[in-house]
Protein chains: 2
Amino acid sequence: MNLVTNLAVATVVIASGGIAYADPLPSWHDTDARERIIAFVDVVTDPASEDYVTPSDRIAVFDNDGTLWGEQPVYFQLIYAVDEVKEMAKADPSILTSEALRAAADGDFAALAEGGEKAILEVISTTHSGLSVEEFQVSVAEWLDTAKHPTTGLGYDQMTYQPMVELLSYLRDKGFKTYIVSGGGVHFMRVFAERAYGIPSEQVLGTYSETSYKLIDGQPTITKEPGIAFLDDKEGKPINIDRIIGKRPLIAGGNSDGDYAMIEWTTAGDGPRLGLIVHHTDEEREVAYDCDSHIGRLCDGLENGPDMGWLIVDMANDWSVIYTGDR
Amino acid sequence: MNLVTNLAVATVVIASGGIAYADPLPSWHDTDARERIIAFVDVVTDPASEDYVTPSDRIAVFDNDGTLWGEQPVYFQLIYAVDEVKEMAKADPSILTSEALRAAADGDFAALAEGGEKAILEVISTTHSGLSVEEFQVSVAEWLDTAKHPTTGLGYDQMTYQPMVELLSYLRDKGFKTYIVSGGGVHFMRVFAERAYGIPSEQVLGTYSETSYKLIDGQPTITKEPGIAFLDDKEGKPINIDRIIGKRPLIAGGNSDGDYAMIEWTTAGDGPRLGLIVHHTDEEREVAYDCDSHIGRLCDGLENGPDMGWLIVDMANDWSVIYTGDR
């Protein structure tokens, strides 16, 4: 290998290794939030710092719904499920065997909400089981290609939060492994996580359905079955991180009390840790909600978070852009 | 950044990036097995090959017991459990409330085996629950530091198979992500996987116990609880890979029929795939066993594997060294 080749390799490394000369967080206003994030990252990545952390331990975990992309007026995965019921009912109306499914076919989210968790699980189960993982993911991909959000008119994967996408990228440039740890379904999120966030499938943790392994027409097939095998919410989040990642994260970010345990566990670790809560304060550009919301309810985190040193991100004041699709 | 620094970076990259001038598999004899492995890796990593696979899809999964390290006369994790019961009984003999625990305290593996799965699960449960994950892992680490295998006299983590350790390293040099997918416990294996195999905790999949998350003396704690939450064996292996990795591997290696489904699913994928079975044929240097063994029983894989194109590695003929500790 000659000198020119060596230099070429070196240049590639410099380009991809993320020595950032430009502003790494351009959609964050110059506020305390931005400053605290950068100061934290500096202190754990500077080899001269006494709080230096080796790259293999730089784990950052983030909730998805309401933290990395929108979640109003209802979780986008439920909108997918409702749209699927509509499609299925067009092909075969006899599938509408319950009030929940009829409400879904009518796109009546209020009636669905009235039916409670049972109604929602029925809609999810009907649309998320009885097909192979590959078939399910093709269906989600097709939906993402065409479906538009009822109020923004954006494609759902354009409703990722630009400042959070920048934060993920900045952390990776600084040697972090970035993970999603979400109540959403793993098979659903993996369809867009790589493209939308740069997060590969093996770094997507979430709720997962029961699945089976069997030969179908001689082909080994993993089929999504009815029922939830693991609910990745509340205490389930640290439990799932322990099971799958096996390390306590350095950074945990969320937006609701479903993320409380994950942030609590993360920030109780030795040395500096960063707990972060995205507070939905921007009625004008998004939706303002916290303690009284039916989705993404945030009470405990707002009440105790600041005392525990967690960073409360104020979307209205800290972010210059909301959605990636707004740019 | 000046030229000298650039060159230093380039040199580090070359050293760690694994441009291998030396034999990457020195403990493999020059047989068909070695040749097939290298030919497979070449075809999926050569950008000019029509079967080229991008690095992000280069996933290689391996069983642990009997594939990456020994498993005779009984699984090493069970030996740890029995040694723990002995220790616990020394401190408090009143814990020996059952025949299974008394057999364990006597080191009587034959009596334990007679008690069947129930007896073994009781011994595992007694020693693997009621303590935090951190406490459990300290206990395993201390055991690994001092315990010796009854027949080889080696430390257990010296009983990794040197040719497989080389294979893992070779695959990583070629851009693969290497994973363990084992019936063994994740918390147990993570204590040595990084050091013994270069596999970080987040790439260790296995059986996991129930765990709880709660505050203990104000500290958020993940505690190992009685009971198995997921058994990572047989059909559980592809199911777990789908849940956690979310991609079908390119390479799957095992040694028993517990690995059959994982290898079957892997090799049924599109394009070239490598299924590999370690066949324990070396009575002189290790233990020769397959279809009649009580541990690591291998019948279906031997019968159907060759027709399915799986590589059957003959330890006696294909490996020049067995244990890492033998070198």
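Residues numbered from 1 in each chain as written. Chains lettered and ligands numbered in written order. Predicted model: local features only at pLDDT ≥ 70, side-chain atom pairs only at ≥ 80, totals over all residues. Heavy atoms only, no water.

Asks: Account for the overall build of chain A, with residues named and values stated.
Replies: Check the secondary structure of chain A and you find 13 helices and eight strands. A globule of 327 residues ought to have a C-alpha radius of gyration of about 20 Å, and chain A, at 21 Å, matches this closely. Its C-alpha atoms give chain A principal-axis dimensions of about 65 × 55 × 35 Å. Burial status across chain A gives 54% buried among its 327 residues. Counted over contacts in chain A with a minimum sequence separation of 6, partners at least 24 positions apart contribute 65%. With an accessible surface of roughly 13800 Å², chain A has 51% of that area assigned to carbon and sulfur atoms. In chain A, the 24 positive side-chain charges and the 54 negative ones have mean positions that sit 5 Å from each other. (Helix = DSSP H or I, 4+ residues; strand = E, 2+ residues; numbered from the N terminus. Rg over C-alpha atoms; globule rule 2.2 N^0.38 Å. Buried < 20%, exposed > 50% of the residue type's maximum accessible area, 1.4 Å probe, protein only. Contact = heavy atoms within 4.5 Å. Areas by Shrake-Rupley, 256 points an atom, 1.4 Å probe, with all protein chains shown as cover. Lys, Arg positive; Asp, Glu negative; His and termini not counted. Charge placed at Lys NZ, Arg CZ, Asp CG, Glu CD.)

Asks: Requested: an account of the sheet that holds strand E2 (residues 131-132) of chain A, with residues and values cited.
Replies: If you walk across this open sheet you meet the eight strands as E2-E5-E4-E3-E1-E6-E7-E8 (chain A), and the pairing is mixed. Of all strands in the sheet, those with a lone pairing partner are E2 and strand E8 (311-314) of chain A, marking the two edges. Inspection of the sheet shows strand E1 (residues 59-62) of chain A paired to strand E6 (residues 251-254) of chain A by three bridges, in the parallel sense. Bridging across to E6(A), A:Ala60 finds its partner in A:Ile251. Relative to the sheet, helix H10 (residues 236-244) of chain B contacts strand E4 (204-216) and strand E5 (219-230) of chain A, its axis offset from that of E4(A) by approximately 145°. The strands touched by helix H11 (residues 260-267) of chain B are E4 and E5 of chain A; relative to E4(A), the strand with the most contacts, the crossing angle is about 90°. (Pairing = 2+ DSSP bridges. Axes fitted to C-alpha atoms, helices over the stretch in contact; angles between N-to-C directions.)

Asks: Summarise the confidence of the model for chain A; cite the residues concerned and give the values.
Replies: Low pLDDT means the predicted coordinates in that region are not meant to be read closely. Residues of chain A with pLDDT of at least 70 account for 93%, and the chain-wide mean is 93. Across the whole predicted complex the pTM is 0.93, and at the interface the ipTM reaches 0.92. (pLDDT = per-residue confidence, 0-100.)

Asks: Break down the state of the cysteines for me, with residues and values.
Replies: Residue and element names in this part refer to chain B. Under the criterion given, the structure shown has two disulfides over all chains. What pairs with Cys291 in a disulfide is Cys299, and their sulfur atoms sit 1.8 Å apart. Judged by the sign of its S-S torsion, about 105°, the bond between Cys291 and Cys299 is right-handed. (Disulfide = S-S within 2.5 Å.)

Asks: A description of the side chain of B:Thr221 should follow, citing residues and the corresponding values.
Replies: Here B:Thr221 lies in strand E5 (residues 219-230). With sequence-adjacent residues up to four places away left out, B:Thr221 is seen in contact with B:Ser132, B:Ser212, B:Tyr213, B:Lys214 and B:Ile216.

Asks: Outline the relation of the copies chain A and chain B, listing residues and values.
Replies: Each copy of the sequence occupies a distinct position, and chain A is placed on chain B by a rotation of 180° and an axial shift of 0.0 Å, giving an RMSD of 0.0 Å. Each copy turns onto its partner about a two-fold axis. A high fraction, 100%, of the interface residues of chain A reappear at the interface in chain B, so the copies pair face to face through one surface. (Least-squares fit on C-alpha atoms with pLDDT ≥ 70 in both.)

Asks: Account for the interface of chain A and chain B, with residues named and values stated.
Replies: The interface of chain A with chain B comprises 45 residues on the first partner and 45 residues on the second. Interface area for chain A against chain B, summed over the two sides, is near 3800 Å², with a carbon-plus-sulfur share of 56%. Looking at the side of chain A facing chain B, the largest losses of area belong to A:Glu202, A:Tyr213 and A:Arg243, adding up to 19% of the total buried there. Counting across the interface, chain A meets chain B through six salt bridges. Across the pair A:Lys247 and B:Glu202 runs a salt bridge, and its minimum N-O distance is 2.9 Å. At the surface where chain A touches chain B, the tally comes to 23 residue pairs in polar contact (both at pLDDT 80 or more). Sorting the residues of the side of chain A that touches chain B by element identifies helix H1 (3-16), helix H7 (133-146), strand E3 (177-185), helix H9 (186-197), E4, E5, helix H10 (236-244) and helix H11 (260-267) of chain A as the ones contributing at least two each. Taken together, the residues of the side of chain A that touches chain B break down into 25 nonpolar, nine polar and 11 charged. (Buried area = accessible area lost by both parts, 1.4 Å probe. Salt bridge = Lys/Arg side-chain N within 4 Å of Asp/Glu carboxyl O. Polar contact = N/O pair within 3.5 Å; in protein donor to acceptor, adjacent residues only side chain to side chain. Nonpolar A, V, L, I, M, F, W, Y, C, P; charged D, E, K, R; others polar.)

Asks: An account of a nonpolar patch on the surface is requested, with residue identities and associated values reported.
Replies: A grouping of A:Leu121, A:Ile228 and A:Leu231 is seen on the molecular surface, where their side chains present a nonpolar patch of about 270 Å² in accessible area. The topology assignment puts A:Leu231 in the loop between E5 and H10. (Patch = residues over 30% accessible without salt bridge, like charges linked within 9 Å, V, L, I, M, F, W, Y side chains within 5 Å.)

Asks: So what's going on with the environment of A:Ser320? Which residues, and what values?
Replies: By the secondary structure assignment, A:Ser320 is in the segment after helix H13 (315-318). Between the alpha carbons of A:Ser320 and A:Ser98 there is a distance of 45 Å; along the sequence they are 222 residues apart.

Asks: I'd love a proper account of helix H2 (residues 32-45) of chain A, names of residues and values included.
Replies: Between the first and last C-alpha of H2(A) there are 20 Å, a value that for 14 residues agrees with the 20 Å anticipated at 1.5 Å per step. Where H2(A) is buried, its residues contact helix H8 (162-173), E6, strand E7 (274-279), E8 and H13 of chain A. (Expected span 1.5 Å × (residues − 1).)

Asks: Which residues make up the sheet that holds E5(B), and what are the values?
Replies: Residues and elements named next belong to chain B. If you walk across this open sheet you meet the eight strands as E2-E5-E4-E3-E1-E6-E7-E8, and the pairing is mixed. This sheet does not close on itself; its edge strands, each paired only once, are strand E2 (131-132) and strand E8 (311-314). In terms of strand pairing, strand E4 (residues 204-216) meets E5 through eight bridges, oriented antiparallel. In the strand pairing of E5, Thr211 is matched with Lys224. In this fold helix H6 (residues 116-128) packs onto E2 and E5, with an angle of close to 175° to the strand it touches most, E5.

Asks: With reference to specific residues and values, describe the pattern of salt bridges.
Replies: Evaluation of the coordinates by the stated rule reveals 24 salt bridges over all chains. Across the salt bridge formed by B:Glu134 and A:Arg248, the nearest N and O atoms sit 3.6 Å from each other. Within this pair, whereas B:Glu134 is found in helix H7 (residues 133-146), its partner A:Arg248 is found in the loop between H10 and E6, the two belonging to separate chains. The exposure class of B:Glu134 is partly exposed, given its relative accessible area of 40%.

Asks: Just give me the short version of H8(A), but keep the residues and values in it.
Replies: All names here are of chain A. Here H8 is 12 residues long and its end C-alpha atoms lie 17 Å apart, about the 16 Å a rise of 1.5 Å per residue gives. Of all 12 residues in H8, nine are buried; the element is thus mostly enclosed. Every buried residue of H8 is listed here: Gln162, Pro163, Met164, Val165, Glu166, Leu167, Leu168, Tyr170 and Leu171. Taken together, the buried residues of H8 touch H2, E1, E3, H9, E6 and E7. Gly175 lies just past H8 and shows a positive phi near 85°.

Asks: Describe the pairing of E4(B), with residues and values.
Replies: Residue and element names in this part refer to chain B. The pairing of strand E3 (residues 177-185) with E4 spans four bridges and is classified as parallel. Looking at the pairing, Gly185 lines up with Thr207 of E4. The turn linking E4 back onto E5 is made up of two residues, and Asp217 within it adopts a positive phi angle of 50°.

Asks: Which residues make up unusual backbone geometry, and what are the values?
Replies: Here the amide bond leading from A:Gln72 into A:Pro73 is cis, since omega sits at 5°, within 30 degrees of zero. In this structure, A:Pro73 sits in the loop between E1 and helix H3 (76-91).

Asks: Which residues make up the packing of H3(A) against helix H6 (residues 116-128) of chain A, and what values do they have?
Replies: All names here are of chain A. Their axes nearest at 9 Å, the elements H3 and H6 cross at an angle of 65°. Crossing of H3 over H6 shows left-handed handedness. Along its contact with H3, which presents Gln77, Leu78, Tyr80, Ala81, Val82, Glu84, Val85 and Met88, the element H6 presents Ile120, Val123, Ile124, Thr126, Thr127 and His128. Of the residues in the contact of H3 with H6, the class split is nine nonpolar, four polar and one charged. (Left-handed = near helix turned anticlockwise from the far one by under 90°.)

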